[in-house]
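Per-entry structural report
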Amino acid sequence: MEGWRIIATVLLAVAGVLLTLAVMAKVRDHTQSSGQVAIGGAVTFTILLILGVLMLTVLPAVVTWVLVAVVVAAVSVMLLAS
């Protein structure tokens, strides 16, 4: 396995943890429902898990790094806006 795939996946995982927490906080602020918070967190985690597996196995380098950049940018915007 190439080293760049591992680095990109680790970056996605770190940003993904922050993104999951930010999504859960936003859902809590909007709905005040713990069930909806759990669903939002589970959906975000599942999507990030699937992206991580795809990045480790089949996605080309350009797509992988674009996905990492998009997730990092989303996390940055969400954290700065709150």
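Everything here concerns the structure above.
Report follows, based on the coordinates. (Residues numbered from 1 in each chain as written. Predicted model: local features only at pLDDT ≥ 70, side-chain atom pairs only at ≥ 80, totals over all residues. Heavy atoms only, no water.)

Relative orientation of the contacting elements helix H1 (residues 3-31) and helix H2 (residues 34-57) amounts to 165 degrees, with a least axis distance of 9 Å. Viewed along their axes, H1 and H2 adopt a mutual orientation that is roughly antiparallel. In the packing of H1 onto H2, the handedness of the crossing is right-handed. For the contact of H1 with H2, the class distribution of residues is 14 nonpolar, 10 polar and two charged. (Axes fitted to C-alpha atoms, helices over the stretch in contact; angles between N-to-C directions. Helix = DSSP H or I, 4+ residues; strand = E, 2+ residues; numbered from the N terminus. Parallel < 35°, antiparallel > 145°, perpendicular 65-115°, else oblique. Left-handed = near helix turned anticlockwise from the far one by under 90°. Nonpolar A, V, L, I, M, F, W, Y, C, P; charged D, E, K, R; others polar.)

This brings us to the packing of H1 against helix H3 (residues 61-81). Orientation of H1 relative to H3, taken along the N-to-C sense of each, is 30 degrees, at an axis distance of 9 Å. As the angle between them shows, H1 and H3 are arranged roughly parallel. Both H1 and H3 take part in a crossing whose hand is left-handed. Taken together, the residues of H3 that come into contact with H1 (itself represented by Trp 4, Ile 7, Ala 8, Leu 11, Leu 12, Ala 15, Gly 16, Leu 18, Leu 19, Ala 22, Val 23 and Lys 26) are Ala 61, Thr 64, Trp 65, Val 68, Val 71, Val 72, Val 75 and Met 78. Considered class by class, the residues forming the contact of H1 with H3 number 17 nonpolar, two polar and one charged. (Contact = heavy atoms within 4.5 Å.)

By themselves, these figures tell us nothing about what the structure is for.
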